[in-house]
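What the coordinates show
Chain by chain, the residues run as shown.
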Amino acid sequence: MDIRYFDNSATTRIKEEVLKEMFPYLSIEYGNPSSIYSIGRNAKRAIEEARKKVASLINCKPEEIYFTSCGSESDNMALKGIAYKNKNKGKHIITSKIEHPAILNSCESLEKNGFDITYLDVNKDGFVNLETLKNSIRKDTILISVMFANNEIGTIEPIEEIAQIAHKNNIIFHTDAVQAVGNIPIDVQKMNIDMLSLSGHKIYAPKGVGALYVKKGIEFERFIDGGHQEKNKRAGTENVAQIVALGKACQIAEKNLEEYQNKLRNLRDYCLKQIKENISNIHINGTTEKRLPGNINISFEGIDSSELLFELDNLGICASGGSACSSGDNNPSHVLTAIGVPNELSKGAIRFSFGDFNTKEDVDYLIEALKKIIK
Ligand SMILES: *Cc1c(COP(=O)(O)O)cnc(C)c1O
């Protein structure tokens, strides 16, 4: 049975060109980048080329990119790195209620270590309120971290405005842009972003590689103690092949960004139209504007999403639920709760997220499946 994959926000399939680019670094180019002989230098050079490509996608300097093992690590490194570096200046951090667990649980860990966190509410579309943000700022606020785009409902936050508010108050601004990078244009200079997290496997590179951008001049505590890799901030022999893959994925993303966005938007809009025309009693979760081009989140009234996902899976269709049903508990998603979706509808929420490998035919197959199952 063919797999029809509508879960590109969970992870993406590696692109052929990316695999091809990384492969030599899993075989003949096995040198340690810290070694000074030829194969060591080759590996080092490959990393620095990749760094340039990642930097170019978000318009920063290559030396402002730190490679990590994943988006979650980048988030941890940013929050804890800034918090512990600045603990004598202040212990207050502002974030939102709809962040990824990598942020929320880093905050929880910081709370246990004496930091004070404000979790901003969002409105029914998932947007942070800028006035509330301003009012939450205190003399001891050291960091604001608000995600670029939400992974469940696709809402794109007013990042430039948030950065401006942070800087007016001399506060560092970090954004978890794992869902946004490669999907919408990002320019960290123009948007005045101090720190940004990204991840490889959401943009057609393998799982297990990410990066953190840190604007030059911003100091943070090192995340892994050991050797001198990543400018002394993140020790450990570099994961050369994966870094090369991330670089390639960023290069492809930069080249195709506009075309890619249009493709996702067309598929998504087509899918949404078909669902609206063929299925009754549905509710769209999140905003219809300022939303990631490849995201829909729909509640099917009176339906349990885990059952629907099970039936879809039987037909080869992959999507994900709006609740944490994977872990066996039936708690509604913290994001859907934050935007005010009632529990009954939260339980019936499904996220479909589109990617480069999807076709219109996939969508037609999905619609037929939904019609059959829901009837
Ligand atoms: C996937 C994701 C992460 C985590 O990235 P990993 O590379 O899987 O650790 C963090 N934040 C957001 C918004 C994500 O979607």
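This section reports on the structure supplied with the text. (Residues numbered from 1 in each chain as written. Predicted model: local features only at pLDDT ≥ 70, side-chain atom pairs only at ≥ 80, totals over all residues. Heavy atoms only, no water.)

**So, the sheet that holds strand 9 (residues 282-284)**
Spelled out, the test is: At least two bridges found by DSSP between two strands is the condition for calling them paired. Strands here are runs of E lasting at least two residues and helices are runs of H or I lasting at least four, both read from the DSSP assignment and numbered beginning at the N terminus. Note on definitions: a residue-residue contact is assigned when non-hydrogen atoms from the two residues lie within 4.5 Å. For helices, the fitted line uses only the C-alpha atoms of the stretch in contact; every axis is such a line through C-alpha atoms, and the angle between N-to-C directions lies from 0 to 180 degrees.
If you trace the four strands from one edge of the open sheet to the other, you get 9-10-13-12, paired in antiparallel fashion. Each end of this open sheet is capped by a strand with a single partner; those strands are strand 9 and strand 12 (320-321). Where strand 12 and strand 13 (residues 349-353) come together, two bridges link them in antiparallel fashion. Directly across from Ser320, in strand 13, lies its bridge partner Arg351. Along the sheet, helix 8 (residues 240-278) contacts strand 9, strand 10 (295-300) and strand 13; its crossing angle with strand 10, the most-contacted strand, is approximately 15°.

**As for the packing of helix 9 (residues 305-314) against helix 12 (residues 360-374)**
Cut-off, in case you're wondering: An angle counts as roughly parallel when it lies under 35 degrees, as roughly antiparallel when it exceeds 145, as roughly perpendicular when it falls between 65 and 115, and as oblique in every other case. Take the far helix as your reference; a near helix turned counterclockwise from it by less than a right angle gives a left-handed crossing, and one turned clockwise gives a right-handed crossing. Classification used: nonpolar for Ala, Val, Leu, Ile, Met, Phe, Trp, Tyr, Cys and Pro, charged for Asp, Glu, Lys and Arg, polar for all others including Gly.
Interhelical geometry of helix 9 versus helix 12 gives an angle of 125° and a closest axis separation of 10 Å. It follows that helix 9 is oblique to helix 12 by the angle criterion. Read as a crossing pair, helix 9 and helix 12 show a hand that is right-handed. Here Leu308, Glu311 and Leu312 of helix 9 come into contact with helix 12, specifically with Leu366, Ala369, Leu370, Ile373 and Ile374. Residue composition of the contact of helix 9 with helix 12, grouped by class: seven nonpolar, no polar and one charged.

**Looking at the side chain of Arg351**
Short version of the rule: Throughout this description, a polar contact denotes any pair of N or O atoms lying within 3.5 Å of each other; where both atoms belong to protein, one of them has to be capable of donating a hydrogen while the other can accept it, and for residues adjacent in sequence the pair is counted only when both atoms sit in side chains.
Relative to the helices and strands, Arg351 resides in strand 13. Polar side-chain contacts of Arg351 include one of 3.0 Å to the side chain of Asp7. A distance of 2.6 Å separates a polar side-chain atom of Arg351 from the backbone oxygen of Asn151. Once residues lying within four places of it in the same chain are set aside, the contact partners of Arg351 are Phe6, Asp7, Ser9, Ala10, Asn151, Glu152, Asn295, Ile296, Asn297, Ala319 and Ser320.

**Things to note about unusual backbone geometry**
Within the chain, Asn59 stands out as a residue other than glycine whose phi angle is a positive 60°. By secondary structure assignment, the location of Asn59 is in the loop between helix 2 (38-58) and strand 2 (65-68).

**Concerning helix 4 (residues 101-112)**
Keep this limit in mind: One less than the number of residues in a helix, times 1.5 Å, gives the span that helix is expected to have.
Helix length check: helix 4 (12 residues) gives 16 Å between terminal C-alpha atoms against 16 Å at 1.5 Å per residue, within 8%. Contacts from the buried residues of helix 4 go to helix 3 (71-85), strand 3 (92-96), strand 4 (116-120), strand 5 (141-145), strand 6 (172-176) and helix 10 (334-338). Just past helix 4, the residue Gly114 takes up positive phi, approximately 95°.

**Digging into the side chain of Asn150**
So the rule is basically this: Only protein chains enter the accessibility calculation, which uses a 1.4 Å probe. A residue is then buried if its area is under 20% of the maximum for its type, exposed if over 50%, and partly exposed in between.
Mapped onto the elements, Asn150 comes out in the loop between strand 5 and helix 6 (159-168). With a relative accessible area of 0%, Asn150 lands in the buried category. Of note is the side chain of Asn150, whose polar atom sits 2.9 Å from the backbone nitrogen of Ile153.

**Topic: the site of the ligand**
The condition is simple: Any residue with at least one heavy atom within 4 Å of a molecule or strand is counted as near it.
Around the ligand lies a shell of 13 residues, among which Ser72, Asp176, Gln179, Ser199 and Lys202 are the nearest. Take the shell around the ligand: its biggest share by element is three residues, from helix 3. Looking at the shell around the ligand, its residues break down into three nonpolar, seven polar and three charged.

**Regarding the pattern of salt bridges**
Quick reminder of the rule: For this document, the term salt bridge refers to a Lys or Arg side-chain nitrogen within 4 Å of an Asp or Glu carboxyl oxygen.
Taken as a whole and assessed by the stated rule, the structure comprises 26 salt bridges. Among the ionic pairs, Arg268 bridges to Asp269, the shortest N-O distance being 2.8 Å. A residue is classified by how much of its surface remains accessible, and Asp269, at 36% relative accessible area, is partly exposed. Between Lys371 and Glu368 there is a salt bridge; the shortest N-O distance is 3.2 Å. With Lys371 and Glu368 both in helix 12, this residue pair falls three residues apart, about one helical turn.

**Points about the pairing of strand 7 (residues 195-199)**
For strand 7, a buried count of five out of five residues is recorded, marking the element as mostly surrounded by other parts of the structure. Here strand 6 runs beside strand 7; their pairing, made up of three bridges, is parallel. Paired with Asp176 across the strands is Ser197, a residue of strand 7. With five bridges connecting them, strand 7 and strand 8 (residues 210-214) associate as antiparallel partners. Residue pairing for strand 8: Leu196 is matched across the bridge by Tyr213.

**Looking at the packing of aromatic side chains**
Which entries qualify depends on this criterion: In this scheme Phe, Tyr and Trp rings, the latter by its six-membered ring, pair at centre separations within 6.5 Å, and the angle between planes marks the pair as stacked below 30 degrees, edge-to-face above 60, and tilted otherwise. Both a distance and an angle decide whether a charge sits over a ring: NZ of Lys or CZ of Arg must be within 6 Å of the ring centre and within 35 degrees of the ring normal.
Applying the stated criterion to the full structure yields six aromatic pairs. Measuring from centroid to centroid gives 5.3 Å for Tyr66 and Phe220, while their planes differ by 90°, and the two rings are edge-to-face. Note that Tyr66 is positioned in strand 2 and Phe220 in the loop between strand 8 and helix 7 (229-232), a separation of 154 residues in sequence. Across the pair, Phe220 and Tyr66 agree in class, each one buried. Taken together, the ring pairs connect Phe6, Phe352 and Phe354 into an aromatic cluster. The ring of Phe357 has Arg13 sitting right over it, with the charged end atom 4.8 Å from the ring centre. We note Lys91 situated over the ring of Phe115; from NZ or CZ to the ring centre the distance is 5.3 Å.

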